[in-house]
Structure formats: structure tokens, C-alpha cells
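Residue-level structure breakdown
In case you want the letters, here they are:
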Amino acid sequence: MNEEKVWVLQARNGDDQAFALLVETYQTPVYNLCYRMLGEAEAAEDAAQETFLKVYQNLSRYDAGRPFVTWLLSIAAHHCIDKLRRRRFSTFSIDEDEETSFELPDRHALDPEAETARREQQRRLQHLLQELEPLDRAAIILRYWHDASEIEIAESLGLSVPAVKSRLHRARKALAALWQEQELAAETQAERILYESPAI
Amino acid sequence: MNHQPFEDWLLGEQPLTSEQHRQLQAHLRACPACAALQEVTEALQAARPAAPAAGFGARFQVRLAAYQAAQRRRMAAGVLTLAAGVMAMLVFLLWPAAQAFLTSPSLSPASLFSNLVRVWISFQAYRDTLTTFLHVLNGLIPAHVRILATLLTLGGGWMWFISLTKVSRLPQGV
């Protein structure tokens, strides 16, 4: 039995220290999922904490035959989807607290220029993610940030495997379309500045 | 512009042969839509996780402690309410005997016995009334209506149980 299963078993028997170890181990994946889903550091922190609290309350329902991390991420994803549905009609800015979230640095990055470009690319991607429908967004995050297989995504989100495939394709095409739109807008703006043509 | 099979190659993320790779690169130079798809795919593949601010575990422990304290308070309130209910019920049931005991302590065992007999007789009377009522009702309502009503009640109960299970069920990942 691996360490994680032992902690889960101990936590089920009321060992809070064992649960604290689970929180320490999985805080980054859960927080990352919440941050990518909600787009705000503060909301992500809150959602990640609520996810762990839900897990604590429902540990007895966990099927020990399945990986703990996928169960945990499944709860986090559903929690965020519920939150997004609740605030569908309210507006918020993801630019306000971009600086408060800390992206794990690449230890192998030697070229500062390339690293800056990569960060800019990631910032754009994070911004575009917020344009996707919540389930598509969750599928993309689980696939690319958490290396989940299509089967794992399907079970986590309660979808069929073909539905996951179709959602991943659709979401990537939508992201590409938005990406292209942004580039066109940036080019137009650059041309306008170059020729000093007045904006209409 | 014809995006096939280039879009499929990009969406499939399968390894390409050198010839396919060359064709794809040529297409990407001419097709901004596929170039954007390629850029997005690269950005997604280079994605790295965001980490919470330091002290996440400690902040969670504070929240957990608050939750556990609230749980203990709710439990204590529940036990107190139950105890108060039981006490009220006992007072209600024993009130006649207590009254008799207070007015004439020497007769209290006899009074207690007579009260118990009274409670038993009342219970039998309620039971007989209910049985008679159901007999009358059976005569008034046709059998098929009774069966339908029973089935509807059972169906409603089943739906209520299923909806409760669905609402309280958490997803089980793989």
C-alpha cells in the first residue's frame, strides 16, 4: 500500500495529521485547477480550501480502489463549475490580482528572454481560458495541466470518452480562434500606431 | 483554404513523419488559423501549474478547526434539544401522577397504577377508532383507486429517495 493510501486510511479514522499531509501533498494541483478555472487568485484559494473541506467531510465515500488524486480533482472541478454557474451573470476582472498567484518556475530555463515570452504566452492563455464554457475549460485544464487521460477526464467530469474528445477538440479550436483574433487586433493596433491613423 | 488533414494532425497530437512535418510547416506559413492552433497547442503543452501563496496548509488547518468547532456546537445543540424533548415528554406523561403524589403522597402508587391503566385504555380506544375508520374508508374507495394511490405513494417515495441520493452524492473519480 502506498503512502497516500495509508494517509487516506488514517485520515478516515480521524487522524488530522494524516489529512494535513494530504493537503500539503495536493495543495498545488488543487489550487492550480481552481485558479485556471476561476481566473482569480483569491477565489482559487477559497475554492481550494473548500475542496479540501469537502474531501474531509466525504472521505468515507472515497473508493479506495481508485487513485485519490483524480477523486480530489474531480471534486475541485465540480466545485469550480458550480461556482462559475452561480456567478454567470456577475462580472469580474481577472487582471486585478494576476500578481498574487505564483507560477512554479522552470528550473531548466536558461534564457530569460524566452522565459519572458513564455510567461506572456501563458498570461494570454490564462486570459483566453476564461472565455471557454466551464466543462470545456475543466477538460482542457485536466488534460494539459494535470496530464489526465481522456478516460480519467471522462470519469472526473461525468462525461463519456467521445464527449471528452469532442470537448477537447472544440475547446482547442475555440482557443485558437480567440488567439488569432487577438493577434489580428494587435497587428491592426501596431499598424495604426505606425501610420498614426486616427481611430474611428 | 483546405485545412485537412493539417487540422486533424494538430488536434490529434500524434507524432508525424518527416514528410508530414514538412507539409505541415509549409501549411502553417500560409494558414493563420492553423498557425494559431499550433501556437495554442504549444502554449498548452508548455503550461505549468500555479502554486498557492505560502502557508496554504496552515490556513486550511484554521478553517478545519473552525469547521470542527461548529460541528461540535451543532452536536451539543442537537443533544440538548433531544434531552429537552425527552424531558418535556416525561413531564407531560408523568404530570397526572406527580399531581396526585403532591396532593396525597400516600395514594401515589395506586394513582400511578390507575394512570397507567388509563393510558393503556386510551391507546386501545385510539387503535379501535383507527381500525374502524380504515374499514369505512375501504368500503368507500374502490380497490383500483386504492392500488393507484399506493403505487403513487411508493413512486413518490422512491423519487424522493433517488433525488436525495443524487444531491448528496459526490463524484467518484478514477
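Residues numbered from 1 in each chain as written. Chains lettered and ligands numbered in written order. Predicted model: local features only at pLDDT ≥ 70, side-chain atom pairs only at ≥ 80, totals over all residues.

Some details on the overall build of chain A
Condition: A run of DSSP states H or I qualifies as a helix once it reaches four residues; a run of E qualifies as a strand once it reaches two. Both are numbered from the N-terminal end. Exposed residues have 12 or fewer other C-beta atoms within 10 Å of their own C-beta, buried residues have 20 or more, and partly exposed residues fall in between, where C-beta atoms are placed from the backbone. Residues are treated as contacting if the C-beta atoms built from their backbones sit within 7 Å of each other.
When you go through chain A residue by residue, the secondary structure sums to 8 helices and 1 strand. When the helices and strands of chain A are listed from N to C terminus, the series reads α-α-α-α-β-α-α-α-α. Taken across its 200 residues, chain A has 34% of its residues classed as buried. Counting only contacts in chain A whose residues sit at least 6 apart along the sequence, the fraction spanning at least 24 positions is 65%.

Let's talk about the overall build of chain B
Which entries qualify depends on this criterion: Atoms counted for the radius of gyration: C-alpha only. Globule rule: 2.2 Å times the number of residues to the power 0.38.
Of the regular secondary structure elements, chain B holds 6 helices and 1 strand. What you see in chain B, going N to C, is helices and strands ordered as α-α-α-β-α-α-α. In terms of overall size, chain B is more extended than a compact globule, its C-alpha atoms giving a radius of gyration of 38 Å where 174 residues would be expected to give roughly 16 Å. By principal-axis analysis of the C-alpha atoms, chain B measures approximately 110 × 60 × 25 Å. Counting every position in chain B, which comprises 174 residues, the buried fraction comes to 10%. The long-range fraction of contacts in chain B, counting pairs at least 24 apart against all pairs at least 6 apart in sequence, stands at 39%.

So, the packing of helix α2 (residues 16-38) of chain A against helix α6 (residues 134-144) of chain A
Residues and elements named next belong to chain A. Stated formally: Axis definition: a line fitted to C-alpha atoms, over the contacting stretch in the case of helices. Angles run 0 to 180 degrees between N-to-C directions. Any angle between 65 and 115 degrees counts as roughly perpendicular, while under 35 counts as roughly parallel, over 145 as roughly antiparallel, and the rest as oblique. We call a crossing left-handed when the near helix sits turned anticlockwise from the far one by less than a right angle, and right-handed when that turn is clockwise. For this classification, Asp, Glu, Lys and Arg are treated as charged, while Ala, Val, Leu, Ile, Met, Phe, Trp, Tyr, Cys and Pro are nonpolar and the rest, including Gly, are polar.
Axis separation between α2 and α6 bottoms out at 10 Å; the angle between their running directions is 140°. Taken together, the axes of α2 and α6 lie oblique to each other. You can see that α2 and α6 cross each other, and the crossing is right-handed. Contacts between α2 and α6 involve L33, R36 and M37 on the former and, on the latter, R137, A138 and I141. Across the contact of α2 with α6, the residue classes tally to 4 nonpolar, no polar and 2 charged.

As for the interface of chain B and chain A
Taken together, the contact between chain B and chain A spans 32 residues of the former and 50 residues of the latter. Secondary-structure elements contributing two or more residues to the side of chain B that touches chain A are α3 (32-45), β1 (50-51) and α4 (56-103) of chain B. In terms of residue count, the dominant contributor to the side of chain B that touches chain A is α3(B) (10 residues).

Considerations on the confidence of the model for chain A
Definition in use: Looking at any residue, its pLDDT shows the predictor's confidence there, from 0 to 100.
Of the residues in chain A, 85% reach a pLDDT of 70 or more, and the chain-wide mean stands at 86. Across residues 95-99 of chain A the pLDDT falls below 50, and counting only partners more than four positions away or on other chains, this stretch makes 3 contacts in the model.

Comments concerning the environment of M87(B)
Looking at the secondary structure, you find M87(B) in helix α4. Sequence separation between M87(B) and V62(B) is 25 residues; the distance between their C-alpha atoms is 37 Å.

Some words on the packing of helix α4 (residues 68-86) of chain A against helix α7 (residues 150-157) of chain A
Each packed pair of helices is defined by two parameters, the angle between the axes and the distance between the axes. All names here are of chain A. The interhelical angle for the contact between α4 and α7, taken along N-to-C directions, is 55°, at an axis separation of 9 Å. Accordingly, the angle class assigned to the pair α4 and α7 is oblique. Crossing angle aside, the handedness with which α4 passes α7 is right-handed. Between α4 and α7, the contacting residues are T70, L73, S74 and A77 on the first element and E152, S156 and L157 on the second. Grouping the constituent residues of the contact of α4 with α7 by class yields 3 nonpolar, 3 polar and 1 charged.

Digging into unusual backbone geometry
Residues and elements named next belong to chain A. Phi is positive for D147, which is not a glycine, with a value near 50°. One can find D147 in the loop between α6 and α7. We classify D147 as exposed; it has 8 C-beta atoms within 10 Å.

With respect to the nonpolar core
All names here are of chain A. Selection rule: As used throughout, a nonpolar core is a set of buried Ala, Val, Leu, Ile, Met, Phe, Trp, Tyr and Cys residues joined through C-beta atoms within 7 Å of each other.
With 60 residues, the main nonpolar core has V30, C34, A44, L72, A76 and A139 as its most contacted residues. With 11 residues, the single largest contributor to this core is α2. Look past the residues within four positions of V30 in its chain and what remains in contact with it is A48, T51, F52, L72 and A76.

Considering α4(B)
What counts is decided by this rule: An expected span of 1.5 Å times one less than the residue number is assigned to each helix.
Its 48 residues give α4(B) an end-to-end C-alpha distance of 68 Å, which sits within 8% of 70 Å, the value for a rise of 1.5 Å per residue. In terms of burial, α4(B) is largely open, as just 2 of its 48 residues are buried.

Considering helix α1 (residues 3-12) of chain A
Residues and elements named next belong to chain A. Using the following cut-off: Directions drawn from the helix axis to the C-beta atoms are what define this arc.
Among all positions of α1, only W7, V8 and A11 are buried. Projected down its long axis, α1 carries its buried residues within an arc of 100°, all on one side. Across from the buried face of α1, at angles greater than 90 degrees, the exposed residues are K5 and V6. Once α1 ends, the next one or two residues include G14, with phi positive near 95°.

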